[in-house]
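# Architecture and fold: a report
As a plain string of letters, each chain reads:
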Amino acid sequence: MKTLSFENLQGLSQHKGGLKSSEVISQRNRFGYNDIVEVSGNPLWELFLETIQDPMIWFLVGIGSLFFITGQISDGITLYAAVIPLLLMDAFLHWRTQASTASLKGQLSSHVQVRRDSQEIQINSRELVPGDLVLISPGLLLPADGVFEEASDIQVDESALTGESFPVLKKRLYLNPFTSSREHEVTVPSEMMGSAGTRILTGRGSLRVLLTGQQTAYGEIVQSVAQMPHERTPLQKSIAHLVKVLIYAAGVLCFILALIRLFQGHGWLDALMSAATLAVAAIPEEFPVVFTFFLGVGIYRLAKKRALVRRAVSVENIGRVTQICTDKTGTITLGQLSLTHLDPAPLFNKDTLLQTALMASSSILDPLDQAIQVEAQKNKIIESDRIKTIPFTEDRKRETCFANLSNGTIRVYLKGAPETVLALSNLNPEETSQWKLRISEWARSGHKVIACAQIDLLANASLEEPSEEYQFCGLLAFEDPPRPEIREAMSYCHQNHIKVLMMTGDHPDTAAAIAKDSGLSQELPRVISAEDEPEKFQDSYLNQNPDFLKNFDAVARCTPLQKLKIVVALKKLGELVAVTGDGVNDVPALKSADIGIAMGERGTRSAKEVSSIILADDNFSTIVNAIREGRQLFKNLKMSFQYLLLIHIPLVLTASLIPLADYPLLYLPIHIVWLELIIHPTALLAFQSTASYEKAPDPGQKSFFSKLDFFKISIVGLFTTLIIGSEFIFELHEKTSDVNSARAKSIALLTVWSAFVTLYLTRFRSKMANTMALLTLLTSLGLIQFSDQLAFLHLSPLHLQDWIEIYLGAGASILILLLSKKIPSK
C-alpha cells in the first residue's frame, strides 16, 4: 500500500477522451514541464569552469609563460602542451560525477502516446502534465507517476526503483481519481500504480498521470544525485582547516627556499621554479577534491540502494550510526496487514464480530481498517448508517461508532486495544483473565490483536460514549510477517555492534514474537511495555538511569512522545542515533535524531521534510545497506587519504630538501605534471570499493587517522624520502653529475612506490586499482626508457640494474609499511 494524493487533478473534468487543450495549458502553467532534471545554463560551459579551477593548470600556464619570457621556447611549448592532458583528465573526472545523473535521467521514454481532445496523439514525454492519459504498450518506459485506469495483462519491471527482478502484475484503480482529488491523502495498493522509470513488459491499458518531473519517485532519486546539498559536513570543515594550515606552511617554506636558492647563486628563474614546484607539490588540493568526489559517489550509491539523501552530512554520519530506533510495521515487517483469524465470544458469531469491527473502522488510510474492510467485502458484510464516529487516538486507544438499528434503538460499536476494550466490557474477572490468556496466545504467535465490543442504547439516548457495560464480541488477529531479508540485516547489525531498538504500539507479546522472528536479538528478546511502566519513560527516570534502555530490544505500547524521550536519552548516552518514522506524530523524534529516516511509500510530507534520508521502499534492510555504504565510504576515503599522504610526504620533502642542500632541482614542472596525472586519478578512482556484508571498520573514530596512525605514516614517508633522496644524490656522484639520470631513477622510484601503495591498500581486490597500478608501472617504464627521444622530459634511460634497485627500494618501503602495522595501538 502507498499513500498518495490526487490533488493535482483538482479542477479537471473526467472524460475518456483525455484532457482538453485548455486543461493542458492550465496544468502546464501550474506544474511546468515533465523535466526530471532542470537544465540551467550551458553544461559544457559549466564543465569548463569547473575544470579550470585546478591550480595545477594555472601553475603550468604561469611557468610556461616564464619560459617564453626568458627565451626558453621549447620548454614553454612543452608546458603549454602538458595542460591539454591535465584538462582532459579533470574534465573526465567532473563528467564522471555528472554521468550518473545522466544515466538515471535517460531511463525514461522520450515520446509517448496520449489521449487528448478525444484523439490519440504522440507527444514528447516532456510535455506530459498531471491528468494526461498515457496509452500503455509493451516496451514503454513510463515517463511519469500515475494510476492505471485500464489494465489488461499489464506486467511491469520495477527493478529500477525497487531492485526486485520479478515482474509485477498491475490492476486498474478501483477509485475515481477525480472525485478523490478532494481527499488530502489516500492509500492505494501499489499494484494499481505506475512509476516513472519502470518498464512495461506485457499488456495494454492506460495510465492517468498524477506526478511529473521532480515530483515523481524517480525524480526524487535523480535529484538526490544531481543536486548534492551545499552544506559543509564536519569532516569537510576539518579538511578545509587542514588545507588552510598547510597552504600557509607551504607558502612560508616556498619563500625560504626561493631566498636560499638565490643566495646559493642559482638565479631568480631557478629560485622561482623551485618555489613554484614545491608549492604545487606541497599544497594538498587533492584532499577537498577527493572528499567532495567521494561524497557525491556516496549519495549516488545510496540512491541506487533506494535511500534518498536530503542532507550531505547524513552520508558522512550514516556510517557512524551506533543505534537504530525503528518502528515495526512496514519496516521490519512487510507492511501487508491481513485479517487472518476471527475469535468470537460465546454469544457472537464471526459475522457479528466482523460487522462490529467494520462499523468501527471508518478510516480509508489506516492499514488495519483497510484489512477489516477487505475481509468484510469478501464475506459480504454490509455497513449500517453511522450517526457519529469518535476516531482512534493514541490516548483513547479505541474507535467508537454510533448507528441506528431498524428497531429504532442505537447501537454503539467499539474496536481498539484489547486491554482498553476489556476494561470497558461487562466481563467478570474470571472471563477477563481467560480472554487475556487468549490475547497473549495470539500475540506470542506474532499476530497483531484487537478486540471488539458493542452496547445498545435507547432511541432517545444522548450520543455520549458509554464508559462501561459493553458486551465483549471477541478478538481479531492480523498477520504482518517479517521481511524475508530482515535476518541478514539484523545479523550485520550484531556483527558491527549496532544496537537496534524496535518501538511499536503493539502488544508486548506481539512485539516479542516479531523481534524473535526477525532476529532482533541474538538471545530471547527483552521487551518492556511503556503502557505498563510509564514512569520509566519520564525524563527524570531516564536521567537517573541512563543505561536503562540498553537492557531492552523492544518497547511495546510506545507513544510518539515516549519515542522522542527515548531518542533524547540515547543521544545523551553518546549514541549516534538513526530513527525511522512515517507520520506527523513522528516528526519530533525524526527531528531530534542524528539521522532522521522517513518512509518514502507511506511517509507523510511533514515526516519527509524533517528527515535526512528518505527510504524509497520503507525497508529496514535499506537502512542497513545505507549504513554499510556509509562505512565503506569512510574506509575508501581513509585509503585514499593514506595514499595521498604516503605519496605527498616523500614528494614534498624531496622537492624541498634536495634544492636546499644546493643540489639541482629534482622535479621540473613537466615532472610535476606527470606525477599529477598519476596521483590525482588514482586517489579518486582506485579506492572505490563497494560495500559488503563483511564486518565493517570501527565507526567510532571521528577522524580518519589517530595520532599513532599519523606517526606510522610519517615513519614510512620519511623512510621513502630517504631512499628517493639518497638514490638521487648517489646517482649524481656516480654518474659525474648526470642530473637527468638521477632524476629518472628518483621519479621512477616514486611512481613505482605509488603503484605499490595502491596495490597494498586495496589488497589486489579492486580491478580499477590493479589496472591503474599496472598503467602507472608501464607508463613510467615506457617514458623513461624512451626519454632519449623525448628531450622535453629531461630524463635519461635506465639500465636493468637501476630498475632492480628501484623495485627493491619501493619494496623496502612496503616492508616498513607492513612492519608499522605490527605496532600495537595501545
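In this text, all values refer to a predicted model and were calculated from it rather than measured experimentally. (Residues numbered from 1 in each chain as written. Predicted model: local features only at pLDDT ≥ 70, side-chain atom pairs only at ≥ 80, totals over all residues. Heavy atoms only, no water.)

Among the eleven residues in helix α16 (residues 508-518), eight count as buried, and that is most of the element. Of all the residues in α16, the buried ones are P508, D509, T510, A511, A513, I514, A515 and S518. Buried residues along α16 sit against α14 (429-444), β16 (448-457), α15 (486-495), β18 (499-503), β19 (527-529) and β20 (554-556). Looking one or two residues past α16, G519 carries a phi angle of roughly 75°, positive in sign. (Buried < 20%, exposed > 50% of the residue type's maximum accessible area, 1.4 Å probe, protein only. Helix = DSSP H or I, 4+ residues; strand = E, 2+ residues; numbered from the N terminus. Contact = heavy atoms within 4.5 Å.)

Let us look at a positive patch on the surface. Together, K635, R763, R765 and K821 give the surface a local cluster of positive charge. One can find R765 in the loop between α24 (739-762) and α25 (767-785). Overall, R765 belongs to the exposed group, its relative accessible area being 68%. (Patch = residues over 30% accessible without salt bridge, like charges linked within 9 Å, V, L, I, M, F, W, Y side chains within 5 Å. Areas by Shrake-Rupley, 256 points an atom, 1.4 Å probe, with all protein chains shown as cover. Salt bridge = Lys/Arg side-chain N within 4 Å of Asp/Glu carboxyl O. Lys, Arg positive; Asp, Glu negative; His and termini not counted. Charge placed at Lys NZ, Arg CZ, Asp CG, Glu CD.)

With that settled, consider the pairing of β16. In terms of residue burial, β16 counts as a mostly covered element, since eight of its ten residues are buried. Alignment of strand β15 (residues 410-416) against β16, held across seven bridges, turns out to be antiparallel. Paired with I410 across the strands is L457, a residue of β16. Bridge count for β16 against strand β17 (residues 471-479) is seven bridges, and the pairing is antiparallel. Counterpart to Q454 in the pairing with β17 is Q471. (Pairing = 2+ DSSP bridges.)

In the predicted model, the protein carries a mean pLDDT of 83, and the fraction of residues at 70 or more is 85%. Least confident of the elements in the protein is helix α5 (residues 159-162), whose mean pLDDT is 60; most confident is β17, at 95. Long-range and interchain partners of residues 227-231, a stretch whose pLDDT sits below 50, account for twelve contacts in this model, where long-range means more than four residues apart. (pLDDT = per-residue confidence, 0-100.)

Reading across the sheet, the eight strands line up as β10-β23-β22-β21-β11-β18-β20-β19 and stay open at both edges, with mixed pairing between neighbours. The open sheet terminates on both sides in strands that have one partner only, identified here as β10 (307-309) and β19. Each adjacent strand pair in this sheet contributes to an overall mean axis angle of 20°, direction not counted. Pairing of strand β22 (residues 595-599) with strand β23 (residues 613-615) involves three bridges; the strand directions are parallel. Within β23, the position partnered with I597 by the bridge is I613. On top of the sheet, helix α18 (residues 560-572) reaches β11 (323-326), β18, β20 and β21 (577-581); it is set at about 165° to β21, its chief contact. (Axes fitted to C-alpha atoms, helices over the stretch in contact; angles between N-to-C directions.)

Our focus in this paragraph is the side chain of S440. With respect to the helices, strands and loops of the structure, S440 is situated in helix α14. When residues no more than four places from it in sequence are discounted, the contact partners of S440 are H507 and D509.

Applying the stated criterion across every chain, the model contains six aromatic pairs. Their ring planes at 75° and their centres at 5.9 Å tell us that F537 and F548 sit as a pair that is edge-to-face. Here F537 is found in the loop between β19 and α17 (539-544), whereas its partner F548 is found in the loop between α17 and β20, with eleven residues between them in sequence. There is no split in this pair, since F537 and F548 are both buried. Geometrically, the ring pair formed by F756 and Y807 is edge-to-face, given 5.8 Å between the ring centres and 65° between the ring planes. Taken together, the residues F756 in helix α24 and Y807 in helix α26 (residues 800-820) connect sequence positions 51 residues apart. Accessibility expressed as a relative area gives 33% for Y807, which makes it partly exposed. Seen from the ring of Y760, R763 lies directly overhead, with NZ or CZ sitting 4.6 Å from the centre. (Phe/Tyr/Trp six-rings, centres within 6.5 Å; stacked < 30°, edge-to-face > 60°. Lys NZ or Arg CZ within 6 Å of the ring centre and 35° of its normal.)

Across the sheet, which stays open at both edges, the six strands sit in the order β12-β17-β16-β15-β14-β13 with antiparallel pairing between neighbours. Strands with a single pairing partner mark the edges of an open sheet, and in this sheet they are β12 (338-344) and β13 (386-390). On average, each strand axis in the sheet is inclined to that of its neighbour by 20°, with strand direction left out of account. Examined bridge by bridge, β13 and strand β14 (residues 398-404) share four bridges and lie antiparallel to one another. By the bridge assignment, R386 is partnered in β14 with A403. Of the strands in this sheet, β12, β16 and β17 are in contact with α14, which crosses β17 at around 10°.

Across the interface, α15 lies against α16 with an axial gap of 8 Å and an inter-helix angle of 80°. Put simply, α15 runs roughly perpendicular to α16. For the pair formed by α15 and α16, the contact residues are I486, R487 and M490 on the first element and K516, D517 and S518 on the second. (Parallel < 35°, antiparallel > 145°, perpendicular 65-115°, else oblique.)

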